[in-house]
Amino acid sequence: MESLLKRELNTVALKTLGHAAGGCISQGQSYETDSGRVFVKINHKSQAKKMFDGEMAGLEAILKTSTVRVPKPVKVISLSDGGAVFVMEHFDIHSLNRYMATLGEQLADLHLHNATLKEQQRKDAHTVGKGPGQSEMQYVNKFGFHIATCCGYLPQHNDWQSDWVNFFTRQRLQVQLDLIEKEYADREARDLWSKLQLKIPALFHDMEIMPALLHGDLWGGNIGQVEDGPVIFDPASFYGHSEFELAISGIFGGFGTGFYTAYHNKIPKAPGFEKRLKLYQLFHYLNHWNHFGSGYRGSSVSIMKALIL
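What comes next is a walk through the structure. All values derive from a computational prediction rather than experimental measurement.

### Remarks on the overall build of the protein chain
Phase 1: Summing up its helical and strand segments, the protein chain has nine helices and 11 strands in all.
Phase 2: The C-alpha extent of the protein chain, read off along each of the three principal axes, is 65 × 60 × 35 Å.
Phase 3: Within the protein chain, buried positions represent 51% of all 309 residues.
Phase 4: Long-range pairs, those at least 24 residues apart, make up 65% of the contacts in the protein chain with a sequence separation of at least 6.
Phase 5: Of the roughly 14800 Å² that the protein chain leaves accessible, carbon and sulfur atoms contribute 50%.

### As for helix H4 (residues 164–184)
Because each turn of an α-helix spans 3.6 residues, side chains separated by three or four positions in sequence point in the same direction.
Phase 1: If you check H4, its first and last C-alpha atoms are 28 Å apart, about what 21 residues at 1.5 Å a residue would give, namely 30 Å.
Phase 2: Glutamine 174 marks the point of greatest bend in H4, at about 35°.
Phase 3: The residue sitting at the N-terminus of H4 and contributing the capping side-chain oxygen is aspartate 163; that oxygen lies 3.4 Å from the backbone nitrogen of valine 165.
Phase 4: Looking one or two residues beyond H4, the residue adopting positive phi is alanine 185, at roughly 45°.

### Comments concerning the environment of lysine 266
Phase 1: Mapped onto the fold, lysine 266 is located in helix H7 (residues 257–266).
Phase 2: Along the sequence, lysine 266 and glycine 220 sit 46 residues apart, while their C-alpha atoms lie 21 Å from each other.
Phase 3: If we skip the residues at most four places from it in the chain, lysine 266 touches Glu105, Ala108, Asp109 and Leu112.

### Examining the side chain of serine 30
Phase 1: Turning to its location among the elements, serine 30 is positioned in strand S2 (residues 27–33).
Phase 2: A distance of 2.9 Å separates the side chain of serine 30 from the side chain of histidine 90, its partner in a polar contact.

### Looking at the pairing of strand S3 (residues 36–43)
Phase 1: The buried fraction of S3 amounts to six of the eight residues, a majority that puts the element mostly inside the structure.
Phase 2: Where S2 lies against S3, seven bridges are found, and the strand directions are antiparallel. Residue pairing for S3: glycine 28 is matched across the bridge by lysine 41.
Phase 3: Hairpin connection of S2 to S3: two residues between the antiparallel strands.

### Describing the packing of aromatic side chains
Phase 1: For the structure on display, the rule yields 21 aromatic pairs.
Phase 2: Each ring, one from phenylalanine 168 and one from phenylalanine 244, has its centre 6.0 Å from the other, and the planes form 65°; the classification is edge-to-face. Of the two residues, phenylalanine 168 sits in helix H4 while phenylalanine 244 sits in the loop between strand S11 (238–240) and helix H6 (249–252), which places them 76 residues apart along the sequence. Like phenylalanine 168, the residue phenylalanine 244 is buried in the burial classification.

### Considerations on helix H1 (residues 2–9)
Phase 1: Leu4, Leu5 and Leu9 are the residues of H1 that are buried. Taken end-on, H1 shows its buried residues confined to a sector of 110°, consistent with a single buried face. Exposed positions of H1 whose direction lies more than 90 degrees from the buried face are Ser3 and Arg7.
Phase 2: Just beyond H1, the residue with positive phi is asparagine 10, at close to 50°.

Reading the values: rules and limits
- Residues numbered from 1 in each chain as written.
- Predicted model: local features only at pLDDT ≥ 70, side-chain atom pairs only at ≥ 80, totals over all residues.
- Heavy atoms only, no water.
- Helix = DSSP H or I, 4+ residues; strand = E, 2+ residues; numbered from the N terminus.
- Buried < 20%, exposed > 50% of the residue type's maximum accessible area, 1.4 Å probe, protein only.
- Contact = heavy atoms within 4.5 Å.
- Areas by Shrake-Rupley, 256 points an atom, 1.4 Å probe, with all protein chains shown as cover.
- Expected span 1.5 Å × (residues − 1).
- Bend = angle between axes of the 7 residues up to and from the residue.
- Polar contact = N/O pair within 3.5 Å; in protein donor to acceptor, adjacent residues only side chain to side chain.
- Pairing = 2+ DSSP bridges.
- Phe/Tyr/Trp six-rings, centres within 6.5 Å; stacked < 30°, edge-to-face > 60°.
- Arc of directions from axis to C-beta.

In short, shape yes, function no, at least from these values alone.
As structure tokens, then:
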């Protein structure tokens, strides 16, 4: 591994730092190199490169918005065993406490960034000498992403669609329930889903949803702070409904009231917010059921029952 990293990073120095990390998906280690400190994630699964390519694309997209801080990605390296390594900027990250409200503001700015681009491009179209291509990022008018991204290790279907409800139903919930059907053949989940599908469109009645660039997996383990502000990492990015972003934070906690207050000062709750939040939490419970087993079955079934009432 050391010789591979030295070659790929074009560095003579490669000193291990005391910043090792490990989650349920990948292992990580920080190094000192000729050009500074880097953080290296390692995964030996066969789908690791696909997972890391998606993560790198998400970090690049968020980075371009200049809204909320993320580690700058360096490169994805394939391993001989079929796994992969992802090299990124090293941050000395601590638990988020001092900058909770700042993160709420910056996350709202991230979600509003695409709308800001739309307005700017509308103005540019009416300005002599200005037109498309003036900004590094262009307004995105559909839901999805240009590459597969993974929430955990399961790939997300990010095919572009113009209708959010159809995108979320078919490319998020249906995919998860298909996996559950294949693994567990759970009759109750199957029956509840057949009823819930009919109820979903009503939750979005009279709503106009503009695609927003999302982190996609914003739970307490993927946030932190450095000396001068908050930082987020490990994205599962795509363009979707901004409300989706807040769902997993309500499942596992780690976000203070200052975060939500600051966020909703910029993006107020729309009518029906709480029920849609439950729908979005269903995705995460199903995803955890598929990752970690039937301990998440009860929560998944309970939400489906509550939503069809």
